[in-house]
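Observations on the three-dimensional arrangement
Residue-level listing of the chains:
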Amino acid sequence: MKQKLILLSLCTALLAGCANGVSEEEEALLRTVEVSTIGKDTISSNFTYSGKAAASKEIAVAPTIPGEVLNYNFEVGDNVKENQVLFTVDSSNLNDQLRSAQASYNVSKLNLENAEKTYNNNKILFDQGIISQTEMDQIKLAYESAKANIEALEINLDVLQKNIGDCSVTAPMSGVIVSRSVERGSFASQSSPAYVIMDLSTIKVEVGVSEQAVNAIKIGDEVEVRMSAISQTPLIGKVSTISPASNQTGTYSVKVELNNKDGIIKSGMLAEVSFTKEKADDALVLPRNAVLTKDDETYIYIVEGDVAKKTPVTIGIETGETVQITSELPEGTQVVTRGQTYLSDGEKVIIASDTAPAEKTSQEDTAKEE
């Protein structure tokens, strides 16, 4: 029974070969190829550069009035809003100076009032010719001096009041505290920042771009930014600045901004920024290995029926895996993607996908027979 089934299978195969016009011996000699159907897609080539994430804005805060730190209100990692008090320094000495200056001001104010009365009274006498010009000039000088003195004291009071206010050091912007170097009882001065605040709501990534790529980039361009520490899915950023001059390394500084409202991007994270060099929509696209180049000729093999035909093509944008075909080709054309290296124009071929069902059927028959 088993021998009859095998004989029947052989006869079926021979009849199928005859029906296709190809004998089993001829079929064994035909080259097997894999094909891909040409279609339309978007293709682009990119420049990729490495950089680091940084805060869009960073401010080091130091007191304008040096002094002993009385207290501080924020720790590293805390969010702070603009004008909130970060820390305070001792203002007792300034308060003493203010009280003394206020007393001097009050005395000078009385002196000014007295000098003004004297001036007004003697002005009447001068107009009547009772006192001389010299006497009037001396009285006027005393009055003007009193006015100048009170103005100087007012300025001094304003300065002291401002300095006392500056003893409460406030945040110049909203952000995140990334550094604190003050303690209660320590001495804070302008020579060392007490706090460092970063605005991490927007992140910037700065990269050095080559001269071959810089002119293909425009401010406002959307770019892909990959940060493996966060996600394998690229983030979308926008080009914010492009340096018009190269730096010492011969590259051009380009800054890309990213929205970071959720705070997942941390300053210092590594990033790769991809800029689009060329892009084409609705383009004919093939796998790169389908295109051959020999003797300054670029071509592909298309399959019509069971015949491979050598077809010259012109190409446009190339990536590592795909290539744009700029010459005319009907969409849906079958192009050889594997096995084309040693093909000849007009050679008969077997498409690998066409042989798969036959192999599957033979396996099923063997399983049933067993």
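Please refer to the structure higher up on the page.
One structure accompanies this document, and this report is about it.

Rules of the game
Residues numbered from 1 in each chain as written. Predicted model: local features only at pLDDT ≥ 70, side-chain atom pairs only at ≥ 80, totals over all residues. Heavy atoms only, no water. Phe/Tyr/Trp six-rings, centres within 6.5 Å; stacked < 30°, edge-to-face > 60°. Helix = DSSP H or I, 4+ residues; strand = E, 2+ residues; numbered from the N terminus. Buried < 20%, exposed > 50% of the residue type's maximum accessible area, 1.4 Å probe, protein only. Lys NZ or Arg CZ within 6 Å of the ring centre and 35° of its normal. Contact = heavy atoms within 4.5 Å. Axes fitted to C-alpha atoms, helices over the stretch in contact; angles between N-to-C directions. Parallel < 35°, antiparallel > 145°, perpendicular 65-115°, else oblique. Left-handed = near helix turned anticlockwise from the far one by under 90°. Nonpolar A, V, L, I, M, F, W, Y, C, P; charged D, E, K, R; others polar. Salt bridge = Lys/Arg side-chain N within 4 Å of Asp/Glu carboxyl O. Polar contact = N/O pair within 3.5 Å; in protein donor to acceptor, adjacent residues only side chain to side chain.

1. Observations concerning the packing of aromatic side chains
Two numbers describe a pair of aromatic rings. These are the distance of the centres and the angle of the planes. For the coordinates displayed, the defined rule picks out 4 aromatic pairs. With 5.2 Å between their ring centres and 15° between their planes, Tyr 119 and Tyr 143 make a pair best called stacked. Taken together, the residues span a long stretch of sequence, with Tyr 119 in helix H3 (residues 92-127) and Tyr 143 in helix H4 (residues 133-166) at a distance of 24 residues. With respect to class, Tyr 119 is no different from Tyr 143; both count as buried. Between Tyr 299 and Tyr 301, the ring centres sit 5.9 Å apart and the planes meet at 90°, which makes this aromatic pair edge-to-face. Of the two residues examined, Tyr 299 and Tyr 301, each falls in the buried class. Above the plane of the ring of Tyr 72 lies Arg 180, whose end atom (NZ or CZ) is 4.1 Å from the centre. One residue, Arg 184, lies across the ring of Tyr 72, its end atom 4.6 Å from the ring centre.

2. So, the side chain of Asn 260
Position of Asn 260 among the secondary structure elements: in the loop between strand E12 (252-259) and strand E13 (270-287). Dropping the residues within four chain positions of it, Asn 260 is found in contact with Leu 200, Ser 201, Thr 202, Ile 203 and Ile 265.

3. A look at the packing of H3 against H4
The N-to-C vectors of H3 and H4 enclose an angle of 155°; their axes lie 8 Å apart at closest approach. Taken together, the axes of H3 and H4 are roughly antiparallel relative to one another. Considering the relative orientation of H3 and H4, their crossing is left-handed. Within the contact of H3 with H4, the residues separate by chemical class into 18 nonpolar, 13 polar and 6 charged.

4. Re the pattern of salt bridges
Inspection of every chain in the model, using the stated rule, returns 13 salt bridges. Note that Asp 127 and Lys 123 form a salt bridge whose closest N and O atoms lie 3.3 Å from each other. In this pair, Asp 127 and Lys 123 are both assigned in helix H3, 4 residues apart and thus about one turn of the helix distant. According to the relative accessible area criterion, Asp 127 is exposed, its value standing at 53%. Across the pair Arg 288 and Glu 318 runs a salt bridge whose closest N-O atoms are separated by 2.8 Å. Here Arg 288, found in the loop between E13 and strand E14 (292-294), pairs with Glu 318, found in strand E17 (residues 315-318); they are 30 residues apart in sequence, far enough to count as distant. Assessed through its relative accessible area of 37%, Glu 318 is described here as partly exposed. Via salt bridges that share partners, Glu 75, Arg 180 and Glu 183 belong to a single interconnected network.

5. What to know about the side chain of Ser 253
Within the secondary structure, Ser 253 is located in strand E12. One polar contact links Ser 253 to Glu 206, side chain to side chain, over a distance of 2.5 Å. Apart from residues lying up to four places away in sequence, Ser 253 is in contact with Glu 206, Val 207, Thr 241, Ile 242 and Ser 243.

6. Remarks on the environment of Leu 157
The residue Leu 157 is located in helix H4 in this model. The exposure class of Leu 157 is buried, given its relative accessible area of 7%. Remark: the alpha-carbon pair of Leu 157 and Leu 98, spanning 59 residues in sequence, is separated by 6.5 Å. Beyond its immediate chain neighbours, meaning those up to four positions away, Leu 157 contacts Leu 98, Ala 101, Gln 102 and Tyr 105.

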